[in-house]
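# Results of the structural survey
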Amino acid sequence: MSAPPPSLPLPLPGDTPVRVLTVAGSDSGGGAGMQADLRTIALLGVHGCAAVTAVTVQNTVGVSGVHEVPAATVAAQVRAVVTDIGVGAVKTGMLASSAIIEALEEVFGELGIGSRVPLVLDPVAASVGGDPLFSGSAQDTLRDRLFPLATLLTPNLDEVRLFTGIDVVDGASQREAARVLHGLGPRWVLVKGGHLRSSPVSTDVLHDGTSFTELTAPRTPTTNDHGAGDCLGAATACALAHGWSVPEAVALGKEWATRCVAAAYPLGAGHGPVSPLWRLLG
Ligand SMILES: Nc1ncnc2c1ncn2[C@@H]1O[C@H](COP(=O)(O)OP(=O)(O)O)[C@@H](O)[C@H]1O
Ligand SMILES: Cc1ncc(COP(=O)(O)O)c(N)n1
């Protein structure tokens, strides 16, 4: 890749960095969820805080168990972080249950998350291998309670199908999906095209209710794509925390995700992780 790697201003030793809070599940295999978010956040020079929603028993082959954290404890983690440490942006991933989503709606409202503080909402429904990460009613609760609070909603194509019934097969249906999802309340929608595997490029569509912007990158031929969406969302949240606009932040997130997919490695017997470790090389 010839363009310089995407980067954000780095804190000097001893300086307090910008902070981002991820509200997500733990992936014991370390490929996705909170572990992926925190890797990206650290490598972009940002301090990561973490409110855990669920402990998943997970490896590269699948999810074999989920242990939810009580909803009040999830909300308490968010309140403890935001009232003391302060954050420039919040990202949500696996939210597990209706009870957790309802508790988050309340604490987000109380703390200005989604209004004063940008909120990147990744509507995680299943793992890359198809194992469910929330129950059927949580899907409706997420759509009705949290989509309207989101600064940016970042569904993949399976999540688009779940929330809109639209099967994205080309640019026109991808834009239509973005339009329908925008109607559910988020200020911006990014429909990620990573799952359109027949295409030689991977195109994401950004929409704010008025204009459509296509972000296109060459497709890396790999099945090691666990955590790609987390890399994108976490990097975007870091840029928002630095005060960047949504289109600028998404452009950085896309570039970051593209490089992380290109650096993915095999691990275990299933889907290996995309990796931000290339950043350590310089
Ligand atoms: N094989 C690939 N090559 C290049 N970019 C990819 C590839 N797979 C996914 N991406 C990019 O990674 C990001 C996450 O996409 P996607 O896989 O659709 O989401 P998720 O990980 O949430 O399922 C998007 O920017 C997408 O375009
Ligand atoms: C805890 C947790 N959060 C999110 C994902 C989705 O990521 P992916 O679609 O890459 O499996 C996951 N598998 N596990």
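Given the structure is predicted, the values throughout are model-derived calculations rather than measurements.

## Digging into the environment of V18
As for its placement among the helices and strands, V18 is situated in the segment before strand 1 (19-27). In this structure the C-alpha to C-alpha distance between V18 and Q58, which are 40 residues apart in sequence, comes to 30 Å. Residues contacting V18, with those up to four places away along its chain left out, are V46, H47, A241 and H242.

## A look at empty space enclosed by the protein
Applying the stated rule across the entire model yields 2 cavities of 30 Å³ or more. Reported here for the largest cavity is a volume of approximately 50 Å³. If you go around the largest cavity, the residues you meet are Q58, N59, T60, V61, G62, S127, V128, G129, H226 and H271. Estimates place the volume of the second largest cavity at around 30 Å³. Lining the second largest cavity are D27, G29, G31, N59, T60, H226, L267 and P273. In the lining of the second largest cavity, the residues fall into 2 nonpolar, 5 polar and 1 charged.

## Side note on the pattern of salt bridges
Counted under the stated rule, the structure contains 14 salt bridges. One salt bridge connects R143 with D140, and the closest N-O pair in it is separated by 3.5 Å. Remark: D140 and R143 occur in helix 4 (residues 136-146); sequence separation between them is 3 residues, near one turn of the helix. Under the relative-accessibility criterion, R143 is labelled partly exposed at 24%. Exposure remark for D140: the relative accessible area of 34% places this residue in the partly exposed category. Between R175 and E214 there is a salt bridge, with its nearest N and O atoms 3.3 Å apart. Note that R175 is positioned in helix 6 (residues 171-182) and E214 in strand 9 (residues 212-218), a separation of 39 residues in sequence. Bridged by salt links that share partners, the residues D37, K91 and D230 form one connected network.

## A closer look at the packing of helix 3 (residues 98-111) against helix 4
Where helix 3 contacts helix 4, the two axes come as close as 8 Å, and the packing angle between them is 15°. Here helix 3 is positioned roughly parallel relative to helix 4, judged by the angle of their axes. You can see that helix 3 and helix 4 cross each other, and the crossing is right-handed. Between helix 3 and helix 4, the residues in contact are S98, I101, E102, E105 and F108 and S137, A138, T141, L142, R145 and L146, respectively. Of the residues contributing to the contact of helix 3 with helix 4, the split by class is 5 nonpolar, 3 polar and 3 charged.

## Describing helix 7 (residues 228-241)
Along its 14 residues, helix 7 runs 20 Å from first to last C-alpha, staying within 8% of the 20 Å computed at 1.5 Å per residue. The element helix 7 is extensively covered by neighbouring structure, given that 12 of its 14 residues are classed as buried.

## Some remarks on the UniProt feature "domain: Pyridoxamine kinase/Phosphomethylpyrimidine kinase" (unreviewed entry) in the protein chain
The feature "domain: Pyridoxamine kinase/Phosphomethylpyrimidine kinase" (unreviewed entry), as annotated in UniProt, sits at residues 27-274 in this numbering. As a span, residues 27-274 carries 41% helix and 19% strand, and end to end its C-alpha atoms are 14 Å apart.

## Some words on the nonpolar core
Formed by 51 residues in total, the largest nonpolar core has its most connected members in L21, V23, V78 and F108. Examining the composition of this core, we find that 7 residues originate from one element, helix 3, more than from any other. When residues no more than four places from it in sequence are discounted, the contact partners of V78 are L21, V23, A51, L104, V107, F108, L111 and I113. In terms of nonpolar packing, the next biggest core, distinct from the first, is built from 33 residues, L43, L232, A241 and L252 among them.

Cut-off values and rules
Residues numbered from 1 in each chain as written. Chains lettered and ligands numbered in written order. Predicted model: local features only at pLDDT ≥ 70, side-chain atom pairs only at ≥ 80, totals over all residues. Heavy atoms only, no water. Helix = DSSP H or I, 4+ residues; strand = E, 2+ residues; numbered from the N terminus. Contact = heavy atoms within 4.5 Å. 1 Å grid on protein atoms, 1.4 Å probe; cavity = no way out; pocket = protein on both sides within 12 Å on 5 of 7 lines; lining within 4 Å. Points joined across faces, edges and corners; volume = space filled by probe spheres on them. Nonpolar A, V, L, I, M, F, W, Y, C, P; charged D, E, K, R; others polar. Salt bridge = Lys/Arg side-chain N within 4 Å of Asp/Glu carboxyl O. Buried < 20%, exposed > 50% of the residue type's maximum accessible area, 1.4 Å probe, protein only. Axes fitted to C-alpha atoms, helices over the stretch in contact; angles between N-to-C directions. Parallel < 35°, antiparallel > 145°, perpendicular 65-115°, else oblique. Left-handed = near helix turned anticlockwise from the far one by under 90°. Expected span 1.5 Å × (residues − 1). UniProt positions renumbered as here; feature names shortened; annotations may be inferred. Core = buried A, V, L, I, M, F, W, Y, C linked by side-chain atoms within 4.5 Å.

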